[in-house]
Amino acid sequence: MKELLRTNDTVRLSWAQALLAEVGIESIVLDHHTSLVEGSIGAIPRRLMVAERDHRRAGALIAEAEDELR
């Protein structure tokens, strides 16, 4: 697994996961429970992970989608 995104923004994280799922790229969120335990003060960002083989494609997809939103 390789880190694709690190954020405290749960909306961005959910959006990215949905976008990846639409094209068949599996992802997993790490540090979700740790972030909740620390009180959601933002000290511990959550990490969106994808398989190493999907990392380049997933990164390009996220970047392209973010550009379209601007």
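Sequence order sets the numbering: in each chain, residues are counted from 1 along the sequence as written. Where local features are concerned, this predicted model is filtered to residues with pLDDT of at least 70; where side-chain atom pairs are given and counted, the filter is 80 or more; whole-chain, interface and lining totals use all residues. Values shown for side chains rest on all heavy atoms present in the structure; no hydrogens or waters enter the calculation.

Colleague: Explain the environment of Ile25 residue by residue, including any values.
Modeller: Locating Ile25 in the fold gives a position in the loop between helix 1 (10–22) and strand 2 (27–30). A relative accessible area of 2% means that Ile25 is categorised as buried. With 30 residues separating them along the chain, Ile25 and His55 place their C-alpha atoms 9.2 Å apart. The way it works is that DSSP assigns letters per residue, a run of H or I at least four long becomes a helix, a run of E at least two long becomes a strand, and they are numbered from the N terminus. The cut-offs for exposure are 20% and 50% of the maximum accessible area for each residue type, with area from a 1.4 Å probe on protein chains only; residues under the lower value are buried, those over the upper are exposed, and the others partly exposed.

Colleague: Outline the sheet that holds strand 1 (residues 2–7), listing residues and values.
Modeller: At least two DSSP bridges between two strands are needed for those strands to be called paired. Strand order in the open sheet made by the three strands is 1-3-2, with antiparallel pairing throughout. Since the sheet does not close on itself, it has two edges, and those belong to strand 1 and strand 2, each with one partner. Sheet twist, expressed as the mean angle between neighbouring strand axes with direction ignored, is 25°. By the bridge criterion, five bridges tie strand 1 to strand 3 (residues 46–50) in an arrangement that is antiparallel. Following the sheet pairing, Arg6 is matched in strand 3 by Arg47. Each of strand 1, strand 2 and strand 3 is contacted by helix 1, which is oriented at about 10° to strand 3, the strand it contacts most. We call two residues in contact whenever any of their non-hydrogen atoms come within 4.5 Å of each other. Fitting a line to C-alpha atoms yields each axis, with helices limited to the stretch in contact; the angle taken between N-to-C directions then spans 0 to 180 degrees. Contacting strand 1 and strand 3, helix 3 (residues 55–69) runs over the sheet at an angle of about 30° to strand 1.

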